[in-house]
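Residue-level structural notes
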Amino acid sequence: MKRDVLENSFVEQYYSQAQHIIPQENQKNDPKYEEKIELIKECQEIAGTDLSTKPPLNIAIIGLPGGGKSSLLNTIFASFSTSCWEDIVQFGSFGTLGKQFTTRFKSFPKDVYYKPTDAYLMPTFLDMTGFEDEDSAKTLALLELVFAGRIREEEELTSAKSSGFNYFIRKGVCHRPVDRIIVVCTSNPDDNLPPSFFNAVWKAKKKHREIPVYGVMTFRDKYPPNNERVKFKIQEFRKHLALPQHRFAHIINYCDDIDSEGVHTTTTIPSLDVPVLQLMKQVLKTRKDDPTFPTEKLVNNRDILSMLAFIFAVLAFIYVLLISNS
Ligand SMILES: Nc1nc2c(ncn2[C@@H]2O[C@H](COP(=O)(O)OP(=O)(O)O)[C@@H](O)[C@H]2O)c(=O)[nH]1
Ligand SMILES: [Mg+2]
């Protein structure tokens, strides 16, 4: 039985036996409160501090509209917080036709979502919207550009069609390349998986360097893992993206369905946070090809330049003084 459950997702064991989650007005009364605090500490330690030689990780959240990407981000942010859930990322706005017409990404660095003023290198998240189930040259090119850090934030990606992809291929890098990819998808078995989009992600991530891919299925409250059709969807999702157990989680996001009283606007729900923090622990784990800061040489060069500029300014000043005195 346990094995069967684990085959669904590695976070199964972190949901209570009874799948029912009861939001508490005081988060400390949630049975998972202590575990949450412990996990936040573990994640902070894995992330490291700004004394280390690495930059914060860039984590891209991708998937089709309506799959729960933005909600997942708000859930991750709430899980790192001990005050309350906040709607930092706009969610549920995938349009009346259930489709977004523009492809964009928006980044959420630590300062936006992480309230403590400590030195931990909490990651930057990129929320990517507007993809469809296709692996056309355009989709592939857009994914590659974002993964490589060669596209500007909130730039409308759709205009690539008319101007050719060269429009976007810049010499300079606009943001650090993506270090991790989290593919998000609903566990609603009536919603088909997007296999062409998965193919595009797979091809794009192989292009520059192997970026580790993680998978998250949402709507666990509505489509629990003991349902045969949900189980089948999970298997297919994992097969498509070759997701080993520790890279896949079937979770519940913060949403009105789980907390109709709206308690989460004044507190957090540790029972929702713990499985998500377990996943974050996996995602943040240091890998050998993780980036380190561009060597000290760059900093030194910059220092030398500013020193030269200073000396030049002083000499110019003395020269002007001498001239005016003579
Ligand atoms: N019941 C339930 N609803 C969810 C869950 N995740 C997201 N939603 C809802 O699904 C809708 C779409 O979510 P959103 O995060 O905007 O999806 P996105 O388009 O992928 O960013 C919103 O109304 C959310 O409240 C979940 O785990 N359970
Ligand atoms: Mg969204």
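See above for the structure.
As a starting point, this report considers the structure included with it.

Glancing now at the packing of aromatic side chains. Scanning all chains against the criterion turns up 11 aromatic pairs. For the pair Phe 77 and Phe 108, a centre-to-centre distance of 6.2 Å together with 50 degrees between the ring planes defines the contact as tilted. Note that Phe 77 is positioned in helix H3 (residues 69-79) and Phe 108 in strand E2 (residues 104-108), a separation of 31 residues in sequence. For the residue pair Phe 77 and Phe 108, the accessibility class agrees, reading buried in each case.

On the secondary structure map, Gln 44 appears in helix H2 (residues 33-47). Judged by its relative accessible area of 12%, Gln 44 falls in the buried class. A polar atom in the side chain of Gln 44 sits 2.7 Å from the side chain of Tyr 114. When residues no more than four places from it in sequence are discounted, the contact partners of Gln 44 are Tyr 114, Asp 118, Tyr 120 and Met 122.

Another point: helix H7 (residues 195-208). Of all the residues in H7, the buried ones are Phe 197, Phe 198, Ala 200, Val 201, Ala 204 and Lys 205. For H7, the angular spread of buried residues about the axis comes to 160 degrees, placing them on one side. Considering only its buried residues, H7 is in contact with strand E1 (58-62), helix H5 (137-148), strand E4 (180-186), strand E5 (213-218) and helix H8 (228-240).

Our next topic: the site of ligand 1. Surrounding ligand 1, one finds 17 residues, the nearest of these being Gly 66, Lys 69, Ser 71, Gly 92 and Asp 257. In the environment of ligand 1, an oxygen atom lies 2.8 Å from a nitrogen or oxygen atom belonging to the backbone of Gly 66. At 2.4 Å from an oxygen atom of ligand 1 is found a main-chain nitrogen or oxygen belonging to Gly 92. Look at ligand 1: alone it shows 580 Å² of surface, and the protein chains cover 88% of it. The residue inventory of the shell around ligand 1, partitioned by class, reads 7 nonpolar, 7 polar and 3 charged.

This next bit is on the pattern of salt bridges. Using the criterion set out here, one finds 15 salt bridges in the structure. One salt bridge in this structure joins Arg 220 and Glu 12, with 2.7 Å as the shortest N-O distance. Taken as a pair, Arg 220 in the loop between E5 and H8 and Glu 12 in the loop between helix H1 (2-8) and H2 lie far apart in primary sequence, 208 residues in all. Glu 12 gets classed as buried once you look at its relative accessible area, which sits at 7%.

Basis of the calculations
Residues numbered from 1 in each chain as written. Chains lettered and ligands numbered in written order. Predicted model: local features only at pLDDT ≥ 70, side-chain atom pairs only at ≥ 80, totals over all residues. Heavy atoms only, no water. Phe/Tyr/Trp six-rings, centres within 6.5 Å; stacked < 30°, edge-to-face > 60°. Helix = DSSP H or I, 4+ residues; strand = E, 2+ residues; numbered from the N terminus. Buried < 20%, exposed > 50% of the residue type's maximum accessible area, 1.4 Å probe, protein only. Polar contact = N/O pair within 3.5 Å; in protein donor to acceptor, adjacent residues only side chain to side chain. Contact = heavy atoms within 4.5 Å. Arc of directions from axis to C-beta. Near = heavy atom within 4 Å. Areas by Shrake-Rupley, 256 points an atom, 1.4 Å probe, with all protein chains shown as cover. Nonpolar A, V, L, I, M, F, W, Y, C, P; charged D, E, K, R; others polar. Salt bridge = Lys/Arg side-chain N within 4 Å of Asp/Glu carboxyl O.

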